[in-house]
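Structural features, examined
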Amino acid sequence: MKPEETVDYNVKVCWHAISRMYNAEAIQNDITTSIGFVLLNIDQEAGTPATKIAPLLGLEARSLTRILKSMEEKDLIFKVSDPSDKRLVRIFLTKKGLQKKEVSRRTVKQFNNKVREQIPQEELDVFFKVCGRIQVMIENKEIF
């Protein structure tokens, strides 16, 4: 089987193309794709517990720790200990973080709108269904 005939190759190549495209946009705004995705997953009013962010993005906790440290250094976020449970840390956006979140939101929206202009909804529905089935197979350890 040739690489281009495999499912994983096509998913990987497509994701890398999307990631490169997002990174090109992110760099213009002094952030990374990873930072943009983290920003999009932080609740603007209530903040978001740090422990909830990694699973939302499919990241390991230590990877998220590095990203959050970088975000603090860039003055995009600040951390607040939960008054009722000191072990819980909530992540909040700074004013600059809110601005970068809006840039990230617009970028993701533009990508999705352009894809939806070019690819019929029926084809996207099949794509989403296939991706969902593959995820379930992996989660249920039906492959390995």
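Scroll up to find the structure.
This report concerns the structure included in the present document. Keep in mind the model is a prediction, meaning the values are calculated, not measured.

Relative orientation of the contacting elements helix α2 (residues 33-40) and helix α5 (residues 95-118) amounts to 100 degrees, with a least axis distance of 9 Å. Taken together, α2 and α5 sit at an angle that is classed as roughly perpendicular. On the side of α2, the interface is formed by Gly-36, Phe-37, Leu-39 and Leu-40, while α5 contributes Gly-97, Lys-100, Lys-101, Ser-104, Arg-105 and Val-108. Classifying every residue of the contact of α2 with α5 gives four nonpolar, three polar and three charged.

This next bit is on the side chain of Thr-48. With respect to the secondary-structure elements, Thr-48 resides in strand β1 (residues 48-49). We classify Thr-48 as buried; its relative accessible area is 7%. A polar contact is formed between the side chain of Thr-48 and the backbone nitrogen of Asp-43, at a distance of 2.7 Å. Apart from residues no more than four positions distant in its own chain, Thr-48 is found in contact with Asn-41, Ile-42, Asp-43, Ile-53, Val-89, Arg-90 and Ile-91.

Cut-offs and rules
Residues numbered from 1 in each chain as written. Predicted model: local features only at pLDDT ≥ 70, side-chain atom pairs only at ≥ 80, totals over all residues. Heavy atoms only, no water. Axes fitted to C-alpha atoms, helices over the stretch in contact; angles between N-to-C directions. Helix = DSSP H or I, 4+ residues; strand = E, 2+ residues; numbered from the N terminus. Parallel < 35°, antiparallel > 145°, perpendicular 65-115°, else oblique. Contact = heavy atoms within 4.5 Å. Nonpolar A, V, L, I, M, F, W, Y, C, P; charged D, E, K, R; others polar. Buried < 20%, exposed > 50% of the residue type's maximum accessible area, 1.4 Å probe, protein only. Polar contact = N/O pair within 3.5 Å; in protein donor to acceptor, adjacent residues only side chain to side chain.

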